[in-house]
Every structure is written in structure tokens, then in C-alpha cells.
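These are the residues of each chain, in order.
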Amino acid sequence: MYLYHKLGALIILLLFIGPGMLTAERVGEDPAAYVEDPPRSEDSEPGVKTVFFITHADEFDRTLGRVLSYEDGGGLRILRWNYCFQPFRAWGLYFEFAEGWTDGRFAGYLSRFREEGFRNLLYVDLTECDHGYSGR
Amino acid sequence: MLSQTAGSPLDLMSLDPWLSWYGYLRDGMINLTRRFADDMDGFAIDRLDRCPSLQESVWAAQLLDEVRAASAVPDLRYVMNSLQDAEHQGFLASRAEFVGSDGVPMGEMDGWIARYLELAQYASLKTPYLVPQLDDAAPADSEASYRLMLSENGFVFFDDRELYLGMMERIFPEAIH
């Protein structure tokens, strides 16, 4: 009988803590559980300089042509990534457009960058927020 | 909210899934993928060095996974700025296309490069990007920093503002076609 009580208590304990143990929400969980062993590097070539371009949608018309004049070769590798800080620059309006921007206008900019071989990334700051918003 | 940065209008926010900031970010990011699914590739995630604890970093990973799972963008990419050392945030770097940091002071370059090289081994692209600390008011110093970083290492992030494109053209004149 004592054994049954102990077994019952153990099952109840597992029912309570078991699901939590399977989530990422517990302090002290081993982050290694989130990642496999790092793969070997395959993209580094000795002597080759890698240059990423960071761009700004609001600078688009003035500078894109100059960025596009750079090409791979001669010991240089160019990677084109378009970081869209604008129009998400104002923290207080985190996911809202600045005045004058619409979905259609913004999609048009993104599409143009795509046509030129860029990949488009929208900027998000995960850990900081404008005091005006966070205090709401 | 965890704390307020002294003298700054920015607050350091908790990513606790039970608090409002987590839901605000998750819903906002997912919404963006639905509105711009045909034209965006992912998110540039910044300020992960501000995660003040392992728990906050784990919550950040959970958030990124939730957004990716619900994303309307196939194969949603993350690139991540400002990560901490691999031993603390390698599991976050493993979710990234590439990792890096902006504004590395030249005096600290050696240490940062070693740390980011290690961290980048977890990302898809094994080359981290770093950019020297730039000073628009002292372009000669900024250009010297770029040259030093490129002479010592093979990766850098260039800004497309006029000031910095001019530096790029002086440093790599042979690359212009």
C-alpha cells in the first residue's frame, strides 16, 4: 500500500511538472538543447574580403546605383542585404508606418530591391522600447 | 518592463511570454510577414546583447520560433545584431542566417572578432559581419577604421549613405564595374 501511495505521488508530480520540463520557459534550462553541434565553416575563403551592404529605403533613389556597381571578383565578395530601418525607425510607432507610407508604397520599394538581387529584412529591436510606449 | 536606461527614452523590456511586450512583438512580426509575404525575406533582430539573463534569451528564441512557425514568408530568415558570447547565446545564433554587431571600437577589435567568429559557427553563414565604430563627424577616422578592420579581417558591413559609399570606393576602387 505504501508503494502505491509513493507511485501515485510520483505520477501526480510528473503530471504537474512534466509539461513544463518540455518547454523553454524555465530558468536554467540548458540552451544546448536548442542547438546542434555547429557545422563546419564552408563560406570562408582565404584572402577574399566579404562586404555586406546595409541599405536604407529612404536613401533608395540616391545611392542604389552606386551600390549596384560593386560586383564579386578580384578578391571581393559582395552580399546584398537590405535592412529596412525606415519606416520602423520610431520606436513609439513600432509596427506602424511613418506618415506618407502605405503597404503598397513600401511593397514597391521591397520589390525593387528584390529585382536587384537584395534580400529584404525588416528591423526589429526585441529588447528595447520607447518609454512612451512601454509606459502604456 | 525590467528597468529603465538612465537618461534614455528607451526601456529595457522583458520577453516573458506572459507579459504584453512578447505578444506585441509576436503579433506585429507575424502581421508584417502576412502583409509583405511576397517581398520580404525576414527580420533583422537587434539588441540581443541586452537580454539580461539566460531566461530572457530563451524567451527570445521561443519568440523567434513562434513567429517563424506562423510566418507567411516561406523559410523566414533572421539576421542578428549584438549577440553575446557563443556560450551564452549560441542557441540564438543557430537561428540566424548570419550574426554580427555594429560599432565595434577599434581598441576592442581583436577581442570582438574572436568572439564573433566563434558565435558565427552556429549561424548559417560562418562569416560574421562587423562594422567599426563610425563617426560621421570624423570621416577620416571612420575610413581608417574600415581599412584596419579589412586589413586584419575579411568581413565588414558597409553603409550605403553617401559618406560611407565614398569610403568604399576609395578602399575598393577595383571592385566598381
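Residue numbers here run from 1 along each chain, matching the order of that chain's written sequence. Chains and ligands are labelled by the order in which they are written, letters from A for the one and numbers from 1 for the other. It should be noted that, the model being predicted, local features are given only for residues of pLDDT at least 70 and side-chain atom pairs only at 80 or more, the latter also being counted only at that level, while totals for whole chains, interfaces and linings use all residues. Values reported for side chains reflect all heavy atoms of the structure, with hydrogen atoms and water molecules removed beforehand.

Chemist: Got a minute to help me understand the sheet that holds strand S1 (residues 49–54) of chain A in this structure?
Modeler: Backbone hydrogen bonds are what pair the strands of a sheet, in a parallel or an antiparallel way. Strand pairing is defined by DSSP finding a minimum of two bridges between the two strands. Secondary structure elements are taken from DSSP: a helix is a run of H or I of four residues or more, a strand is a run of E of two residues or more, and numbering for both begins at the N terminus. Strand order in the open sheet formed by eight strands is S6(B)-S5(B)-S4(B)-S3(B)-S3(A)-S2(A)-S1(A)-S7(B), with parallel pairing between adjacent strands. Sheet topology places strand S6 (129–132) and strand S7 (155–159) of chain B at the edges, where each strand pairs with a single neighbour. Strand-to-strand twist of the sheet, defined as the mean angle between neighbouring strand axes without regard to direction, takes the value 30 degrees. Every residue pair with non-hydrogen atoms within 4.5 Å of one another is taken to be in contact. Axes here mean lines fitted to C-alpha atoms, for a helix over just the part in contact, with angles spanning 0 to 180 degrees between N-to-C directions. This element, helix H3 (residues 103–115) of chain A, spans strand S2 (76–84) and strand S3 (119–125) of chain A of the sheet and lies at about 130 degrees to S3(A). Against the sheet, helix H4 (residues 109–120) of chain B engages strand S5 (98–104), S6 and S7 of chain B, with an angle of about 165 degrees to S5(B).

Chemist: Mind showing me how you'd approach the confidence of the model for chain B here?
Modeler: Parts of the prediction with low pLDDT should not have their coordinates interpreted in detail. Across chain B, pLDDT averages 86, with 94% of residues at or above 70. In the predicted assembly, ipTM is 0.87 and pTM is 0.79. Summary of the metric used: pLDDT quantifies the predictor's per-residue confidence within the range 0 to 100.

Chemist: Is there a simple way to think about the packing of aromatic side chains in this case?
Modeler: Ring pairs (aromatic) are described by centroid distance and by the angle formed between their planes. Any Phe, Tyr or Trp ring, taking Trp's six-membered ring, that has another such ring centre within 6.5 Å forms a pair; planes under 30 degrees apart are called stacked, those over 60 apart edge-to-face, and the others tilted. Throughout the structure, instances matching the rule amount to twelve aromatic pairs over all chains. Ring geometry for Phe95(A) and Tyr24(B): centres 5.5 Å apart, planes at 55 degrees, overall tilted. With Phe95(A) in the loop between S2 and H3 and Tyr24(B) in helix H1 (residues 20–35), the pair connects residues from two separate chains. Partly exposed residues are those whose accessible area sits between 20% and 50% of the maximum for their type, while under 20% is buried and over 50% is exposed, using a 1.4 Å probe and protein chains only. Phe95(A) gets classed as buried once you look at its relative accessible area, which sits at 12%. With 5.2 Å between their ring centres and 80 degrees between their planes, Phe106(A) and Phe36(B) make a pair best called edge-to-face. Of the two residues, Phe106(A) is situated in helix H3 and Phe36(B) in the loop between H1 and strand S3 (42–46); the pairing between them involves two chains. Each residue in the set Phe97(A), Trp101(A), Phe106(A), Tyr109(A) and Phe36(B) is aromatic and connected to the rest through ring pairs, giving one cluster. In this structure, Arg105(A) is placed above the aromatic ring of Trp101(A), and the distance from its NZ or CZ to the ring centre is 4.1 Å. Charge-over-ring placement is defined geometrically: NZ (Lys) or CZ (Arg) within 6 Å of the ring centre, and within 35 degrees of the ring normal. For Arg115(B), the ring lying beneath its charged end belongs to Trp112(B), and the centroid distance is 4.3 Å.

Chemist: Help me understand the interface of chain A and chain B, please; the structure alone is not making it clear to me.
Modeler: How big an interface is tends to be expressed through the accessible area that disappears when the partners come together. Contacts between the two partners involve 66 residues from chain A and, on the opposite side, 76 residues from chain B. A buried area of about 6600 Å², summed over both sides, lies between chain A and chain B, and 60% of it is on carbon and sulfur atoms. Salt bridge, as applied in this entry: a Lys or Arg side-chain nitrogen positioned within 4 Å of an Asp or Glu carboxyl oxygen. The interface formed by chain A and chain B holds six salt bridges in total. Two N or O atoms count as a polar contact when they lie within 3.5 Å, although within protein this holds only if one can serve as hydrogen donor and the other as acceptor, and sequence-adjacent residues are included solely when both atoms are side-chain atoms. Here chain A and chain B share 22 residue pairs in polar contact (both at pLDDT 80 or more) between them. Counting only elements with at least two residues in the side of chain A that touches chain B, the list comes to S1, helix H2 (60–68), S2, H3, S3, strand S4 (128–130) and helix H4 (131–134) of chain A. Buried area is understood as the total, over both parts, of accessible area removed when two parts are fitted together, assessed with a 1.4 Å probe.

Chemist: How should the confidence of the model for chain A be read in this particular structure?
Modeler: On average, residues of chain A carry a pLDDT of 67, and 52% of them reach 70 or more. Contacts for the low-pLDDT stretch residues 31–42 of chain A, under 50 throughout, to residues beyond four places or in other chains number 22 contacts.

Chemist: I keep staring at the side chain of Asp125(A) and nothing clicks. Help me out?
Modeler: Residue and element names in this part refer to chain A. Turning to its location among the elements, aspartate 125 is positioned in strand S3. Judged by its relative accessible area of 0%, aspartate 125 is buried. Here glutamate 128 takes part through its backbone nitrogen, which lies 3.0 Å from a polar atom of the side chain of aspartate 125.

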